[in-house]
Amino acid sequence: MAHATFCIVTVFNNVQARLRRMGGSFEEASADLGAGVWTTFRLVTFPQLRSALLAGGLLAFALASTQIIVTTFTAGAGTTTLPIWILNNLFRPNQAPIVNVVAVVLILLSIIPIWVAQKLSGDTEALK
């Protein structure tokens, strides 16, 4: 709950910025053509918000996975989350290879959604 509360602001800011940039002309045109509120949201508003929601989700994931301080204060007794495990094993020489493998897996797991988001947005110039 603490991470959700902490990271929801990131998603909210992305969506709010997109809503301000969109204006209301598309929704007005949809209403003029006879579409209801739900149909307008489903076919007009939501497709324009998808990339903002995806970007906000990726940023929230990155923030939640790296917040050692928030995790330390909100984790219960005996609870070991990934950031706490990495911090505890970071300075143990015999655990260094395992921590390195976990870090590489995290980087790969972060790159895949970013690549998918890039493909979904249709911006192929940024991939070159």
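Residues numbered from 1 in each chain as written. Predicted model: local features only at pLDDT ≥ 70, side-chain atom pairs only at ≥ 80, totals over all residues. Heavy atoms only, no water.

K.L.:
Mind showing me how you'd approach the nonpolar core here?
P.N.:
A general trend in soluble globular proteins is that nonpolar side chains are found buried together. Residues Cys 7, Val 11, Val 15, Met 22, Leu 49, Ala 52 and Ala 60 constitute the largest nonpolar core, which totals seven residues. Elements with a contribution of two residues or more to this core: α1 (2-22) and α3 (37-66). For this core, the element with the highest residue contribution is α1, accounting for four residues. (Core = buried A, V, L, I, M, F, W, Y, C linked by side-chain atoms within 4.5 Å. Buried < 20%, exposed > 50% of the residue type's maximum accessible area, 1.4 Å probe, protein only. Helix = DSSP H or I, 4+ residues; strand = E, 2+ residues; numbered from the N terminus.)

K.L.:
How should the packing of aromatic side chains be read in this particular structure?
P.N.:
Any pair of aromatic rings gets described here by the distance separating the centres and the angle formed by the planes. Summed over the entire model, instances satisfying the criterion amount to two aromatic pairs. Where Phe 41 meets Phe 46, the ring centres are 6.0 Å apart and the plane angle is 45°; that geometry is what we call tilted. Taking the relative accessible area as the measure of exposure, Phe 41 reaches 36% and is therefore partly exposed. For Phe 46, a relative accessible area of 33% translates into the label partly exposed. (Phe/Tyr/Trp six-rings, centres within 6.5 Å; stacked < 30°, edge-to-face > 60°.)

K.L.:
Help me out: how do you make sense of the environment of Ile 8 in this one?
P.N.:
Along the chain, the position of Ile 8 falls in helix α1. The exposure class of Ile 8 is exposed, given its relative accessible area of 52%. Once the C-alpha coordinates of Ile 8 and Gly 57 are considered, the two residues, 49 residues apart in sequence, prove to be 8.7 Å apart.

K.L.:
Just checking my understanding: could you explain the packing of α1 against α3 for this structure?
P.N.:
Between two packed helices, both the angle of their axes relative to each other and the distance between the axes serve to describe the pair. With their axes 8 Å apart at the nearest point, α1 and α3 run at an angle of 150° to one another. Considered as vectors, α1 and α3 are oriented roughly antiparallel to each other. Along this stretch, α1 crosses α3, giving a crossing that reads as right-handed. Split into classes, the residues belonging to the contact of α1 with α3 amount to 13 nonpolar, eight polar and one charged. (Axes fitted to C-alpha atoms, helices over the stretch in contact; angles between N-to-C directions. Parallel < 35°, antiparallel > 145°, perpendicular 65-115°, else oblique. Left-handed = near helix turned anticlockwise from the far one by under 90°. Nonpolar A, V, L, I, M, F, W, Y, C, P; charged D, E, K, R; others polar.)

K.L.:
Help me understand a nonpolar patch on the surface, please; the structure alone is not making it clear to me.
P.N.:
Residues Leu 54, Ile 112, Trp 115, Val 116 and Leu 120 make up a contiguous nonpolar surface patch of roughly 500 Å² in combined accessible area. Considering every element that reaches the nonpolar patch, the biggest residue donor is helix α6 (residues 96-121), with four residues. Trp 115 sits in the partly exposed class, given a relative accessible area of 48%. (Patch = residues over 30% accessible without salt bridge, like charges linked within 9 Å, V, L, I, M, F, W, Y side chains within 5 Å. Areas by Shrake-Rupley, 256 points an atom, 1.4 Å probe, with all protein chains shown as cover. Salt bridge = Lys/Arg side-chain N within 4 Å of Asp/Glu carboxyl O.)

K.L.:
Sorry, what's going on with the confidence of the model for the chain here?
P.N.:
Any segment with low pLDDT has predicted coordinates that should not be analysed in fine detail. Averaged over the chain, the pLDDT score is 79; the fraction of residues at 70 or greater is 94%. Taken element by element, the predicted model of the chain shows its lowest mean pLDDT in helix α4 (residues 68-74) (73) and its highest in helix α2 (residues 25-32) (85). (pLDDT = per-residue confidence, 0-100.)

K.L.:
Help me out: how do you make sense of the environment of Val 15 in this one?
P.N.:
Structurally, the position occupied by Val 15 is in helix α1. You can call Val 15 buried: its relative accessible area is 15%. Separated by 40 residues in the primary sequence, Val 15 and Ala 55 place their C-alpha atoms 9.2 Å from one another.

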